[in-house]
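Descriptive structure summary
Below are the chains, spelled out letter by letter.
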Amino acid sequence: IRSPRETPPMVGEVTATSRHYVDRLFDPDPQKVLQGVIDMKNAVIGNNKQKANLIVLGAVPRLLYLLQQSSSSMELRTECAVVLGSLAMGTENNIKSLVDCHIIPALLQGLLSPDLVFIEACLRCLRTVFISPVTPVQLLYTDPTVIPHLMSLLSNSLRTQEYITQIFSHCLSLFRLIDLCIFTPCDHMTFDTQYSVTLHTSSSVLQVRMQALKCFSVLAYENTQVSMTLVNVLVDGELLTQVFVKMMQRDQPIEMQLTAAKCLTYMCRASAIRTDDSCIVLKTLPCLVRMCSKEHLLEERVEGAETLAYLMEPDVELQRIASTTDHLVAMLADYFKYPSSVSAITDIKRLDHDLKHAHELRQAAFKLYASLGSNDEEIRKKITETENMMDRIVSGLSESSIKVRLAAVRCLHSLSRSVQQLRTSFHDHAVWKPLMKLLQNAPDEVLVMASSTLCNLLLEFSPSKEPILESGVMELLCSLTQSDSPALRVNGIWALMNMAFQADQKVKVEIVRCLGTEQLFRLLSDPDTNVLMKTLGLLRNLLSQRAHIDQVMSSHGKQIMQAVTLILEAEHSIEVKEQTLCILVNIADGNTAKDLIMTNDDMLQKIKYYMGHSNVKLQLAATFCVSNLIWNEEDGSQERQDKLREMGFVDILHKLTQSSEPNLSDRAKTALQQYLA
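Calculation rules
- Residues numbered from 1 in each chain as written.
- Predicted model: local features only at pLDDT ≥ 70, side-chain atom pairs only at ≥ 80, totals over all residues.
- Heavy atoms only, no water.
- Helix = DSSP H or I, 4+ residues; strand = E, 2+ residues; numbered from the N terminus.
- Buried < 20%, exposed > 50% of the residue type's maximum accessible area, 1.4 Å probe, protein only.
- Polar contact = N/O pair within 3.5 Å; in protein donor to acceptor, adjacent residues only side chain to side chain.
- Salt bridge = Lys/Arg side-chain N within 4 Å of Asp/Glu carboxyl O.

Let's talk about unusual backbone geometry
Although it is not a glycine, Glu 222 adopts a positive phi angle of roughly 50°. Looking at the element boundaries, Glu 222 is found in the loop between α12 (202–220) and α13 (224–230). Notably, Asn 441 is not glycine yet its phi reads approximately 55°, a positive angle. Turning to its location among the elements, Asn 441 is positioned in the loop between α26 (432–438) and α27 (444–457). By relative accessible area, Asn 441 is classed as exposed at 81%.

With respect to the side chain of His 296
Looking at where His 296 falls in the secondary structure, it is placed in the loop between α16 (278–291) and α17 (298–312). Of the residues examined, His 296 reaches a relative accessible area of 14% and is grouped as buried. A polar atom in the side chain of His 296 sits 3.4 Å from the side chain of Glu 300.

What to know about the pattern of salt bridges
With the rule as written, the count across this model stands at 27 salt bridges. Asp 376 is the partner of Arg 320 in a salt bridge, and the nearest nitrogen-oxygen pair spans 2.8 Å. Here Arg 320 is found in helix α18 (residues 316–323), whereas its partner Asp 376 is found in the loop between α20 (348–372) and α21 (377–384), with 56 residues between them in sequence. Arg 320 gets classed as partly exposed once you look at its relative accessible area, which sits at 37%. Using a relative accessible area of 11% as the deciding quantity, one classes Asp 376 as buried. One salt bridge in this structure joins Arg 513 and Glu 475, with 3.7 Å as the shortest N-O distance. Placement of Arg 513 in helix α31 (residues 505–515) and of Glu 475 in helix α29 (residues 474–480) is noted, with a sequence separation of 38 residues between them. Connected via shared salt-bridge partners are Arg 546, Asp 589, Lys 594 and Glu 634.

As structure tokens, then:
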């Protein structure tokens, strides 16, 4: 670490260091070359000057030479690609120099390697080069074998998908991609013989169509712009969506049916196709349900179920249609029995493969059940009545596979939205016990879903609420409110809010003690609106019942009033301000707590301001507060009425009685009656 008085090295010194890195690339010892490349990689990270020096000193041609030599170890070739990728992430001049050194053909050649890590390193560098505005995009498709080969690499890993789709989105219009990949005459396109035969046979045409289809599915996934473009594409006068529909016909290969269904699913989820469009309701959904049947291979059943879950996740009508299609709910029960002792699989290799991957079926089934039951009460009932379903979920929560545990808790969360299931199936199977166990030391993704489910189990009408409270869950929930993850903070405070609803004073005191007043008020200034809303909800639940209100306000009244003031003065949504005013309504209902409002003229002026606000919800909440303050059956009501009259509240109440909103005018009339009684 450089001391404060030490001056930075001179330019000449940096260049000398850079020359040393380049010289090591020419060492006759391959291990020293490898170490030199690794040291170079560490030296260039975030150092544009070092990158520029290395390029000027001729590092790029040597790195490309090492990358292309079959005698170089795969580790060395990969490290060379990584360093080239770092150099490309410098300035536009760096990119120009790399392109001038013919980096693109060298990296494209590298994609013919069987080593996935090396391929990913080459693709990462290509992505960086091609997304630069100074790179001529035509370099990508001067060789007609490049696009088909890139598409063949799409499904190799998540990284290859990411890099290739970024390259395509910058370099190819969708129309060019359609032209190149699906409808180009096959004698214009060949693969390298290492990967496939030339495209002169029908099977080869099918392969290219499949790769193109996979490419479209990747491009359309969560991409509205691409999906909106695809939906309007005409192919020989026919919409591309209809081409996809034809590809889903039963006489087409299963892989083609599935991938075409994925394309339409992703376009639908991107809002390019309506959920009630016939190509979704009558073609895509039935095709995906069909893929779930036990006649299909394990991976086809998994992909079919997961795609169907994604398709109907936000749409209750699709969920209802799917639940009554081909006995889907019962069909999914077979996913937990696979492969059975009477399995029809005679291929020993296939049986061995399926035994190792059977957990993927359980994961897919849980996902699909979660999607099916996310809205409709009848569907949830049908799911829980499926043979041993609750036992399977409980078992899934403790499986060794993290993905199965996550899918199982998602399914449980979906079913926990049902009041009936919370009161029956959840209570009968004591699902809170494995759920609590799952919450211990779980990764964040599982923790978010498990804590969200716990929020529902802590609702007032849930029989699980009492045993969960007795299990010592409060410490865990309070710790969640301190998480860096907004979702976990929301769930932690949400669960405490549900816990505090109509709770006895002992529970409320314990919540405040465990959470701590500092953390409670820190949450009231949380930048995440959802966290703020749930914290206000917790405070509102803590401030219910007069004895509780007075007790909480006697201990923490000053801080609460300060927090309320800050929120009402800041730029917050209507919903946040309404919830804050509702806290004042509760405080105004206390016996002694209301004095904290009455002795605070600034707060009274704020209430007066919101009575005249343009938003009816805020007017109603503020008027409710005034009504509680002047209620004439309570001690000191006359003094409070007189003070508010002097401040002009009565005149505003008279105006509000003329409101076109019946709830607001009725509440204003009720408040005015306190003056007449």
